[in-house]
Amino acid sequence: MANITLVDDDENIVASVSLALESHGHKVTAYHDGASGLEALETTPPDLAILDVKMPRMDGMEVLRRLRQSSQLPVIMLTSKDEEIDEILGFNLGADDYIHKPFSQRLLIERVKALLRRTGADGGEVETAAEAAGKAIKRGKLSMDPARHESTWDGKPVKLTVTEFLLLQALAQRPGFVKSRDSLMDAAYDDQVYVDDRTIDSHVKRMRKKFRVVDPEFDAIETLYGVGYRYRES
């Protein structure tokens, strides 16, 4: 169904995860250190990458950081750490999902399935209202083309991850209307995937930074503290 690159230095995890994914029809290519994994991801991009956080030669956070300089490839992070700051850092760097070790193979399969469905890499349609209707979005300086997964601000391209794109799409579809964090979770994540408020906040923070690179005065995404976010069309 999809080409998946797995980067993890634990041979047991590589073997079990590869077997589970392949049993569901996916093709898995595995690497045991961050440097080799990054080179492969940049040379032959897969449909999805699964990165361990703690690895030799280059940890998963650094792989993700370098990958996001040129690619919006969907990424799931694996970690044995139980520190909240690591998860927040991963989302700030552009991770699409996070799974803590030890995890069940069933959980991993469901997370992979959900992320592939959101990107359309499972062979189906991306599950968003705008794409289902085949319509692009134009809101002031913002233009979004769901079919091509492209977004621009005042004609300048802004590269967004899958999750960032879906969150912005949900906001821009109804400018002026407040979206709670729960409703944004529903727009960007599968029903079987739970994320907390910090995750949404991290994605929004990263989106703002990307738009402010092309326009330092960007303020179209408003925060209503204790309520949620809304898109303001200028």
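Our structure is the block above this text.
Residues numbered from 1 in each chain as written. Predicted model: local features only at pLDDT ≥ 70, side-chain atom pairs only at ≥ 80, totals over all residues. Heavy atoms only, no water.

**Student:** Is there a simple way to explain the packing of aromatic side chains in this structure?
**Tutor:** For any two aromatic rings, the description comes down to two numbers: the centre-to-centre distance and the angle of the planes. Here the structure, examined in full by the defined rule, presents 4 aromatic pairs. For the pair Trp-153 and Phe-211, a centre-to-centre distance of 5.8 Å together with 80 degrees between the ring planes defines the contact as edge-to-face. Here the residue Trp-153 occupies a position in strand β8 (residues 150-153), and Phe-211 occupies one in helix α9 (residues 197-214), the gap between them amounting to 58 residues. Per residue, the accessibility class of Trp-153 equals that of Phe-211, and both read buried. Where Trp-153 meets Phe-218, the ring centres are 4.9 Å apart and the plane angle is 80 degrees; that geometry is what we call edge-to-face. With Trp-153 in strand β8 and Phe-218 in the loop between α9 and β11 (221-224), this pair connects stretches of sequence that are 65 residues apart. With respect to burial, Trp-153 and Phe-218 carry one shared label: buried. Counting every residue linked through ring pairs, the aromatic cluster contains Trp-153, Phe-211 and Phe-218. (Phe/Tyr/Trp six-rings, centres within 6.5 Å; stacked < 30°, edge-to-face > 60°. Helix = DSSP H or I, 4+ residues; strand = E, 2+ residues; numbered from the N terminus. Buried < 20%, exposed > 50% of the residue type's maximum accessible area, 1.4 Å probe, protein only.)

**Student:** Explain the environment of Ala-147 here, please?
**Tutor:** Within the secondary structure, Ala-147 is located in the loop between β7 (142-145) and β8. C-alpha separation for the pair Ala-147 and Lys-135, spaced 12 residues apart in sequence, amounts to 8.4 Å.

**Student:** Help me understand the side chain of Asp-215, please; the structure alone is not making it clear to me.
**Tutor:** Within the element layout of this structure, Asp-215 appears in the loop between α9 and β11. Excluding residues within four positions of it along the chain, Asp-215 makes contact with Lys-141 and Trp-153. (Contact = heavy atoms within 4.5 Å.)

**Student:** What is the right way to look at the packing of helix α7 (residues 162-172) against helix α8 (residues 181-188) in this model?
**Tutor:** Between two packed helices, both the angle of their axes relative to each other and the distance between the axes serve to describe the pair. In contact at an axis separation of 9 Å, α7 and α8 are set at 125 degrees when each is read in the N-to-C sense. Looking at the two axes, α7 sits oblique to α8. At the point where α7 passes α8, the crossing takes the right-handed sense. From α7, Thr-163, Leu-166, Leu-167, Ala-170 and Leu-171 reach across to α8, where they touch Leu-184, Ala-187 and Ala-188. Of the residues assigned to the contact of α7 with α8, the class counts are 7 nonpolar, 1 polar and no charged. (Axes fitted to C-alpha atoms, helices over the stretch in contact; angles between N-to-C directions. Parallel < 35°, antiparallel > 145°, perpendicular 65-115°, else oblique. Left-handed = near helix turned anticlockwise from the far one by under 90°. Nonpolar A, V, L, I, M, F, W, Y, C, P; charged D, E, K, R; others polar.)

**Student:** Can you help me understand the pattern of salt bridges in this one?
**Tutor:** Two side chains that carry opposite charge are able to pair once their charged atoms sit near each other. One pass over the structure, following the stated rule, counts 15 salt bridges. With its nearest N and O atoms 2.7 Å apart, the salt bridge here joins Glu-164 to Lys-210. With Glu-164 in helix α7 and Lys-210 in helix α9, this pair connects stretches of sequence that are 46 residues apart. Here Lys-210 falls in the buried class, since its relative accessible area comes to 15%. Of the charged contacts in the structure, one is a salt bridge between Glu-222 and Arg-230, with a shortest N-O distance of 2.8 Å. In this structure Arg-230 comes out as partly exposed when scored by relative accessible area, which is 28%. One continuous salt-bridge network, built from bridges that share partners, spans Asp-219, Glu-222, Arg-230 and Arg-232. (Salt bridge = Lys/Arg side-chain N within 4 Å of Asp/Glu carboxyl O.)

**Student:** Please clarify how α8 should be interpreted in this entry.
**Tutor:** Helical geometry: 3.6 residues make up each α-helical turn, so side chains three or four residues apart lie on a common side. Taken together, the buried positions of α8 are occupied by Arg-181, Leu-184, Met-185 and Ala-188. The buried residues of α8 occupy an angular sector of 105 degrees when projected down its axis, which confines them to one face. More than 90 degrees from the buried face of α8, the exposed residues found are Asp-182 and Asp-186. (Arc of directions from axis to C-beta.)

**Student:** Help me understand the nonpolar core, please; the structure alone is not making it clear to me.
**Tutor:** One broad trend across soluble globular proteins is that nonpolar side chains are buried collectively. Residues Leu-51, Met-77 and Leu-168 are the most contacted members of the largest nonpolar core, which totals 47 residues. A total of 8 residues in this core trace back to one element, the largest contributor, which is α7. Among the nonpolar cores identified, the runner-up in size contains 20 residues, and Ala-2, Leu-6, Ala-20 and Phe-103 belong to it. (Core = buried A, V, L, I, M, F, W, Y, C linked by side-chain atoms within 4.5 Å.)

**Student:** Is there a simple way to explain the packing of helix α1 (residues 11-23) against helix α5 (residues 105-119) in this structure?
**Tutor:** Relative orientation of the contacting elements α1 and α5 amounts to 55 degrees, with a least axis distance of 10 Å. Accordingly, the angle class assigned to the pair α1 and α5 is oblique. Seen from above, α1 lies across α5 with right-handed handedness. Along the contact surface, α1 presents Ser-16, Val-17, Ala-20 and Leu-21, while α5 presents Gln-105, Leu-108, Ile-109 and Val-112. Within the contact of α1 with α5, the residues separate by chemical class into 6 nonpolar, 2 polar and no charged.

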